[in-house]
Structure formats: C-alpha cells, structure tokens
Amino acid sequence: MRYLKVIAQDRSGSGTAETLRFEFYEDEQFLREATAAEILRLRTFGITYLKCAWFNIGEGEERHLRMFSLNPSGDGTPESVRLHFHEGPIIAYKAAVHDLDNDGTFEIVLCSDVDNDGRADRTDRTRVNSLVREFLKIEW
Ligand SMILES: [Ca+2]
Ligand SMILES: [Ca+2]
C-alpha cells in the first residue's frame, strides 16, 4: 500500500514549523522524496498541514502524517482516504473520509481536533477536507 509521509519541522526554534518534507512510501519501503514540481503542487496541502501544528522541534521526524487512500472496489476512485498522525510508530490520532456510494463525494468526515487548538469543530473538518482534496491531486 502506498502512502504519503509528511514531516514538519521547527528548525529555527521559533515555536512554529517552517520546514516541510514530503516522502512517498510503498509497503513501508521508502520510494522517494517529492520532486520540486510536486512540492510546488503540494503548496496548499502544506499550508493546511502546518495549521495542524503537528511538528517536530529541530530535525526530528517522530511526528508526522501518513496519508493513504483505499479503493476496495478497484474502480480507481477511492472509497476512503485516511490520515494517521504519528508520534514515532504510534498513531497519536486519526481522521478519515468515506465515500459510501462511490460517487466521488465523501459523505462522511471523521475527525477529532486535527489542528490541535483544543477544540474539535467545523474548522477541523474543513482542514481534513482540504488535505484530502489536495492529496487526491497527487500523481503517483
Ligand atoms: Ca458519495
Ligand atoms: Ca481544532
């Protein structure tokens, strides 16, 4: 299974992350880093991800997002997209969207406080929807 790994880092010690890395994996195997062109296309994704405030101090990689889609029907359009916010090997929290009738629209958005501001609200759902929308534009 393929997934995108996103790592944010606060290398300057400013209290907010300013560095982003995107890596592609398949079955836990590192495939490659995102190319310059892909990083450009992932700009909106990156801005939203930084708002989630899930980052490392310095050059750590413990905190990261693993994001992947599932297409059990095999028709090429995903029935669900999942977001696993990791702390090392542990999943600290999750979010997911589901397309129940496989019409390309995700009816179900499951998430908690993905942006870590202490409230689980509509803004969190908006952030998940935005991350999913941008994630699905990636050409593997
Ligand atoms: Ca649907
Ligand atoms: Ca929140």
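Computed from a prediction, not measured in an experiment: that's the story for all the values here. (Residues numbered from 1 in each chain as written. Chains lettered and ligands numbered in written order. Predicted model: local features only at pLDDT ≥ 70, side-chain atom pairs only at ≥ 80, totals over all residues.)

Thoughts on the overall build of the protein
(1) Moving on: Looking only at helices and strands, the protein has three helices and eight strands in total.
(2) Moving on: In the protein, the succession of α and β elements from N to C terminus is β-β-β-α-α-β-β-β-β-β-α.
(3) Moving on: For the protein, the spread of C-alpha atoms along the principal axes amounts to about 45 × 35 × 30 Å.
(4) Moving on: In the protein, which comprises 140 residues, the proportion classed as buried is 21%.
(5) Moving on: Relative to all contacts within the protein whose residues are 6 or more apart in sequence, the contacts with residues 24 or more apart total 39%. (Helix = DSSP H or I, 4+ residues; strand = E, 2+ residues; numbered from the N terminus. Buried ≥ 20, exposed ≤ 12 C-beta atoms within 10 Å, placed from the backbone. Contact = placed C-beta atoms within 7 Å.)

Quick word on the pairing of strand β5 (residues 63-70)
(1) Moving on: Here strand β1 (residues 2-10) runs beside β5; their pairing, made up of three bridges, is antiparallel. When the sheet's bridge partners are listed, L4 is paired in β5 with M67.
(2) Moving on: Examined bridge by bridge, β5 and strand β6 (residues 80-87) share eight bridges and lie antiparallel to one another. Its bridge partner lying in β6, M67 is registered against L83. (Pairing = 2+ DSSP bridges.)

What to know about the environment of W54
(1) Moving on: With respect to the helices and strands, W54 occurs in the loop between α2 (43-51) and β4 (56-57).
(2) Moving on: C-alpha separation for the pair W54 and E87, spaced 33 residues apart in sequence, amounts to 9.3 Å.
(3) Moving on: For W54, the residues in contact, after removing those within four places along its chain, are A8, R63, L65, F85 and N116.

What about the nonpolar core?
Here is a general trend for soluble globular proteins: nonpolar side chains tend to be buried in one another's company.
(1) Moving on: Residues V6, A8, Y49, L65, L83 and V128 are the most contacted members of the largest nonpolar core, which totals 24 residues.
(2) Moving on: Those elements that provide at least two residues to this core are β1, α2, β5, β6, β7 (90-98) and α3 (122-135).
(3) Moving on: With four residues, β1 is the largest single contributor of residues to this core.
(4) Moving on: Ignoring any residue separated from it by four or fewer positions in sequence, one finds A8 in contact with A17, T19, L20, Y49, L50, W54 and F55. (Core = buried A, V, L, I, M, F, W, Y, C linked by C-beta atoms within 7 Å.)

Section: the pairing of β7
(1) Moving on: Bridge count for β6 against β7 is eight bridges, and the pairing is antiparallel. Each residue of the ladder has a partner; that of H86, found in β7, is I91.
(2) Moving on: Pairing of β7 with strand β8 (residues 108-111) involves four bridges; the strand directions are antiparallel. Residue pairing for β8: H98 is matched across the bridge by I108.

Examining α3
(1) Moving on: Over its 14 residues, α3 runs 20 Å from end to end, which matches the ideal 20 Å to within 8%, given 1.5 Å per residue.
(2) Moving on: When α3 is considered as a whole, its buried residues turn out to be D124, V128, L131 and V132. Burial along α3 is one-sided: seen end-on, the buried residues are contained in an arc of 100°.
(3) Moving on: Along its buried surface, α3 packs onto α2, β6, β7 and β8. (Expected span 1.5 Å × (residues − 1). Arc of directions from axis to C-beta.)

What about the packing of α2 against α3?
(1) Moving on: One can describe the packing of α2 onto α3 by two numbers: an axis separation of 9 Å at closest approach and a directional angle of 150°. Comparing their axes, α3 and α2 come out roughly antiparallel. α2 and α3 meet at a crossing whose hand is left-handed. Together, T44, F45, T48, Y49 and K51 of α2 and R127, S130, L131, E134 and F135 of α3 make up the contact between the two elements.
(2) Moving on: Looking at the contact of α2 with α3 residue by residue, the classes come out as four nonpolar, three polar and three charged. (Axes fitted to C-alpha atoms, helices over the stretch in contact; angles between N-to-C directions. Parallel < 35°, antiparallel > 145°, perpendicular 65-115°, else oblique. Left-handed = near helix turned anticlockwise from the far one by under 90°. Nonpolar A, V, L, I, M, F, W, Y, C, P; charged D, E, K, R; others polar.)

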